[in-house]
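Okay, here's what each chain looks like letter by letter:
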Amino acid sequence: MYFQLAWRNIWRNSRRTAVIMIAIVIGVWSMIFLSAFMRGMEYDMIKNGISTLTGNIQIHQKDYINDPVIENSMHSPIKLETALKKVLPPVAHWASRIRVNAIASNARHSSSITLVGINPIPEAKVSFIGNAINNGCYLKPGDMRGIIVGQALLNKFETKVGHKLVLMSQDTDQEIASRSFRIIGTFKAQLQATEKQFAFVTITAARQMLKLKKGISEISIILPDNADANPVATGLKTELSADLYQIQTWQELLPILNAYIEIFDGFIFIWFIVVFIAMGFGIVNTTLMAVFERMREFGLLKALGMKPWWIIKDVLLESFLILIIGMIIGNLLAFLCVFALAQSGIDLSAFAAGAEFAGISRIIYPAVWIEDVIISNIVVIILGLLVSLYPAAKAARFTPVEALMHT
Amino acid sequence: MGIVECKDIKKTYQQGKIEVHALKDVSLSIDKGGFAALAGPSGSGKTTLLNIIGGLDQPDSGSVSVAGNTFEKMTQSQLALLRLHNVGFIFQSYNLIPVLSAVENVEFVMLLQGVQATQRRERAMAILDDVGLEGKYHRRPAELSGGQQQRVAVARAIVSNPSIVLADEPTANLDSKTGNGLLEMMRKMNEEKKVTFIFSTHDKMVMDYARRLVLIRDGRIVDDKIK
């Protein structure tokens, strides 16, 4: 009967209950949907960051990061391969690369670029380049003259597929190595800066140009979706000497991206607080109004023998019912929105320049994190009940005589 | 010793800057099974005395005991429990819970007492039958007349077999015929079930029905007649 009493009481002023319920629905919806949107952005930024040649983990010669020159290459690929086979989970992929700074030039222009020598087949499973060719074709293993450049670089050099491009860099003899390549394809990337920065040749062509026998600059490793890179990195560190190798996770390799993610987490937390404060005032106000309207009834309940604590429970039960209904509708609405946008995504073309600057794609696919959903609901129910304690305590403090005289 | 014992009760209210002496050294004893009326004009202190007997208000000095329980030093929760098990209330303006039906209003006190659901429903329906409301169990207060609402209030007051029932001007909002019927019903319950009734009233009809008439004026008992 307590439930019936609470249920009927909340619908005594159905308009007021509907208004506060709508506020809770919007609050819960925004907490879940907007956090899913931000998680989608986070996921996208991480995915872009990782696929743009970073990977989940990278292995370098210990001095390479501070001085990325050809001398700081790794010369024992077999030892590395053995360690990788031992530590990596079966679904992980990895690729070795040569990566040096170079000058690209043609008859009209020259530009500083990063020359990347790749094994075309494993590289396609590790970085974006395998799926990014928009014109021409991808590199074939053993191709000694082909080069792939970004569409933006191609436009900047006013050249086209089939034309030649000359690359210059320092070889292992400390001499200037120069080699002419033919552009066999172009790639499109999320960021124009990526298209202007990287040029891809086969690892054999790069070795020949740089006189680097079996050496490599880096190994990039891709782990399955959402896998934590840290335990794998720790496993590799036990296999590979820290005196020779530096093993870094993407969080260490992309500190700015990592900081962005932490800021995003902060935004989500602040958003939860803001929504709850707005909602909390609504709940307190509505419950207080309901309590003062029924002051005489609370006096009666006390006169009949209801203890103050029972009255608090009665008011809290009413708040709980409003909160739970609002939460259920808010959750359903949020999941419906996420489901509806799961295929098409949210088009951010209007903000493309700003989004691109932050490394975010033009289309964001909302990603629900179960932790966010649980926290949103816990925040609403626990804090909702906590703020309802104030009007409930007010109701419990009415003295029966004064309350019964109230009209 | 009576079921209600009041000794040297004093109660003063502050109305703005003025002190109102509602009760001045009132002593009263009412026996079990009594049917007594506290009568007097408005502002004489009869409702204040009734509220103090019911534990709804505290006296400034003096002692009150109901069914052997002395109110002094009792907490609000203890007083609530005492009211729940020993005191039934009937108010001038009925004071039913508007969202509950007639039978649910009667059941509510038993719910607070922890009576089992099926037993609650049986007893509530039986008492509603006793007060002449058979067939109207599921009507909400708004769907009942004033007299019918007051009958529900009487049923609620007596359903848990309290030691005393306190009725504050129970006929004030009723026409004389309905009021007369209600009083007749309460007297019948007093005689058959030995429920102690104490009224506060200035209605002559109630005074005529009462077997004991306590006249209060300016906060003092000026006459106490047993008919």
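Reading the values: the criteria
Residues numbered from 1 in each chain as written. Chains lettered and ligands numbered in written order. Predicted model: local features only at pLDDT ≥ 70, side-chain atom pairs only at ≥ 80, totals over all residues. Heavy atoms only, no water. Helix = DSSP H or I, 4+ residues; strand = E, 2+ residues; numbered from the N terminus. Rg over C-alpha atoms; globule rule 2.2 N^0.38 Å. Buried < 20%, exposed > 50% of the residue type's maximum accessible area, 1.4 Å probe, protein only. Areas by Shrake-Rupley, 256 points an atom, 1.4 Å probe, with all protein chains shown as cover. Lys, Arg positive; Asp, Glu negative; His and termini not counted. Charge placed at Lys NZ, Arg CZ, Asp CG, Glu CD. Contact = heavy atoms within 4.5 Å. Salt bridge = Lys/Arg side-chain N within 4 Å of Asp/Glu carboxyl O. Polar contact = N/O pair within 3.5 Å; in protein donor to acceptor, adjacent residues only side chain to side chain. Pairing = 2+ DSSP bridges. Axes fitted to C-alpha atoms, helices over the stretch in contact; angles between N-to-C directions. Domains from an automatic or database assignment. Core = buried A, V, L, I, M, F, W, Y, C linked by side-chain atoms within 4.5 Å. Patch = residues over 30% accessible without salt bridge, like charges linked within 9 Å, V, L, I, M, F, W, Y side chains within 5 Å. 1 Å grid on protein atoms, 1.4 Å probe; cavity = no way out; pocket = protein on both sides within 12 Å on 5 of 7 lines; lining within 4 Å. Points joined across faces, edges and corners; volume = space filled by probe spheres on them. Nonpolar A, V, L, I, M, F, W, Y, C, P; charged D, E, K, R; others polar.

Enquirer: Mind showing me how you'd approach the overall build of chain A here?
Expert: Within chain A one finds 15 helices and 12 strands. What you see for chain A is a C-alpha radius of gyration of 31 Å, clearly larger than the 22 Å of a compact globule of 407 residues, by over 25%. Across its three principal directions, the C-alpha atoms of chain A cover 100 × 45 × 30 Å. Evaluated residue by residue, chain A yields a buried proportion of 52% over its 407 residues. Within the structure as shown, chain A displays about 19100 Å² of accessible surface, and the carbon and sulfur contribution to it stands at 63%. Side-chain charges in chain A split into 36 positive and 30 negative, and the spacing between the mean points of these groups amounts to 5 Å.

Enquirer: Looking at this structure, how should I read the interface of chain B and chain A?
Expert: At the junction of the two partners, chain B supplies 26 residues and chain A supplies 22 residues. Taken together, the links from chain B to chain A amount to 1 salt bridge. Residues glutamate 104 of chain B and arginine 8 of chain A are paired through a salt bridge, measuring 2.5 Å at the closest nitrogen-oxygen approach. Where chain B meets chain A, there are 6 residue pairs in polar contact (both at pLDDT 80 or more). Within the residue set of the side of chain B that touches chain A, elements represented by two or more residues are helix 2 (76-86) and helix 3 (102-113) of chain B.

Enquirer: Would you explain the sheet that holds strand 1 (residues 4-15) of chain B in this entry?
Expert: What links the strands of a sheet is backbone hydrogen bonding, and the strands pair in either a parallel or an antiparallel sense. Residues and elements named next belong to chain B. Pairing within the open sheet is antiparallel, and its 4 strands lie in the order 2-1-4-5. Bordering the open sheet on either side are strand 2 (18-30) and strand 5 (69-70), each of which pairs with just one other strand. Judged from the 9 bridges that link them, strand 1 and strand 2 form a sheet pairing that is antiparallel. Looking at the pairing, tyrosine 13 lines up with valine 20 of strand 2. Contacting strand 1, strand 2 and strand 4 (61-66), helix 1 (residues 46-53) crosses the sheet at an angle of about 120° to strand 1.

Enquirer: How should helix 1 (residues 2-10) of chain A be read in this particular structure?
Expert: Every α-helix carries 3.6 residues per turn, so stepping three or four residues along brings you back to the same face. Along helix 1 of chain A, the residues that are buried comprise Leu5, Ala6, Arg8, Asn9 and Ile10 of chain A. Where helix 1 of chain A is buried, its residues meet helix 2 (14-54), helix 11 (295-304) and helix 12 (308-344) of chain A together with helix 3 of chain B.

Enquirer: For this particular structure, what's the right way to read the pattern of salt bridges?
Expert: Summed over all chains, the structure comprises 26 salt bridges over all chains. A salt bridge links arginine 99 of chain A to glutamate 218 of chain A, with the nearest nitrogen and oxygen atoms 3.1 Å apart. One end of the pair, arginine 99 of chain A, is in strand 2 (residues 93-105); the other, glutamate 218 of chain A, is in strand 9 (residues 218-222), and 119 residues separate them in sequence. With its nearest N and O atoms 3.5 Å apart, the salt bridge here joins lysine 193 of chain B to aspartate 130 of chain B. Separated by 63 residues along the polypeptide, lysine 193 of chain B in helix 6 (residues 176-193) and aspartate 130 of chain B in helix 4 (residues 117-130) bring together distant segments of the chain. On the accessibility criterion, lysine 193 of chain B (40% relative accessible area) is partly exposed.

Enquirer: Help me out: how do you make sense of the domain arrangement of chain A in this one?
Expert: By a widely used convention, the size of an interface equals the accessible area lost when the partners come together. Considered domain by domain, chain A is made up of domain 1 (2-49 + 257-405) and domain 2 (57-222). Taken over C-alpha atoms, the centre of domain 1 of chain A sits 51 Å from the centre of domain 2 of chain A.

Enquirer: Sorry if this is basic, but what is going on with the nonpolar core here?
Expert: Generally speaking, a soluble globular protein has its nonpolar side chains buried in company with each other. Judged by nonpolar contacts, the single largest core of 58 residues is most densely connected at Val4, Leu49 and Phe108 of chain B. Ranked by the residues each element gives to this core, the list is headed by helix 11 of chain A, at 6 residues. In this view, phenylalanine 108 of chain B contacts Met1, Leu5, Leu301, Leu304 and Met306 of chain A together with Ile97 and Leu100 of chain B; residues no more than four positions away in its chain are not counted. Core analysis: the second largest hydrophobic core is formed by 44 residues, Leu115, Leu165, Leu210 and Ile247 of chain A among them.

Enquirer: Where do I start with the pairing of strand 10 (residues 220-226) of chain B in this structure?
Expert: Within a regular beta strand, the side chains point alternately toward one face of the sheet and then the other, so they alternate between its two faces. Residue and element names in this part refer to chain B. For strand 9 (residues 212-217) and strand 10, the ladder comprises 6 bridges, and the chain directions are antiparallel. Each bridged residue has a counterpart across the sheet, and for valine 214 the counterpart in strand 10 is aspartate 224. As consecutive antiparallel partners, strand 9 and strand 10 are separated by 2 residues, and within that stretch aspartate 218 has a phi angle of approximately 50°, a positive value.

Enquirer: Just checking my understanding: could you explain the sheet that holds strand 7 (residues 164-168) of chain B for this structure?
Expert: Residues and elements named next belong to chain B. Ordered in space as 6-7-8-3-9-10, the 6 strands form an open sheet in which the pairing is mixed. The open sheet has two edge strands, strand 6 (87-90) and strand 10, and neither has a second partner. The sheet shows a mean angle of 15° between the axes of neighbouring strands, taken without regard to direction. Set on the sheet, helix 5 (residues 146-158) makes contact with strand 6, strand 7 and strand 8 (196-201); between it and strand 6 the angle comes to about 170°.

Enquirer: In this structure, what is going on with a nonpolar patch on the surface? I would like to understand it.
Expert: Judged by side-chain polarity, Ile263, Phe267, Phe269, Ile270, Trp271, Ile273, Val274, Ile277 and Phe281 of chain A come together as a nonpolar surface patch covering roughly 900 Å² of accessible area. Its location among the elements puts isoleucine 270 of chain A in helix 10 (residues 255-293).

Enquirer: Quick question: what am I supposed to make of empty space enclosed by the protein here?
Expert: Gaps left between atoms show up when a probe the size of a water molecule is rolled over them. All told, the structure shown has 4 cavities of 30 Å³ or more when counted by the stated rule. Considering only enclosed or pocket space, the largest cavity measures out at about 60 Å³ in volume. Taken together, Ala303 and Leu304 of chain A together with Arg83, Leu84, Val87, Gly88, Phe89, Val109, Arg156, Ala157 and Ser160 of chain B form the lining of the largest cavity. Listing elements by their share of the lining of the largest cavity, those giving two or more residues are helix 11 of chain A together with helix 2, strand 6 and helix 5 of chain B. The leading source of residues in the lining of the largest cavity is strand 6 of chain B, at 3 residues. A per-class count over the lining of the largest cavity returns 7 nonpolar, 2 polar and 2 charged. Approximately 50 Å³ is the volume attributed to the second largest cavity. Forming the walls of the second largest cavity are Ile20, Ile24, Ile283, Thr286, Thr287, Ser319, Ile322 and Leu323 of chain A.

Enquirer: What exactly am I supposed to notice about the side chain of asparagine 190 of chain B here?
Expert: All names here are of chain B. Here asparagine 190 is to be found in helix 6. A polar contact of 2.9 Å, which involves the side chain of asparagine 190, links it to the side chain of arginine 211. The contacts of asparagine 190, once residues within four sequence positions are left out, are Gly33, Gly34, Phe35, Val195, Thr196, Phe197 and Arg211.

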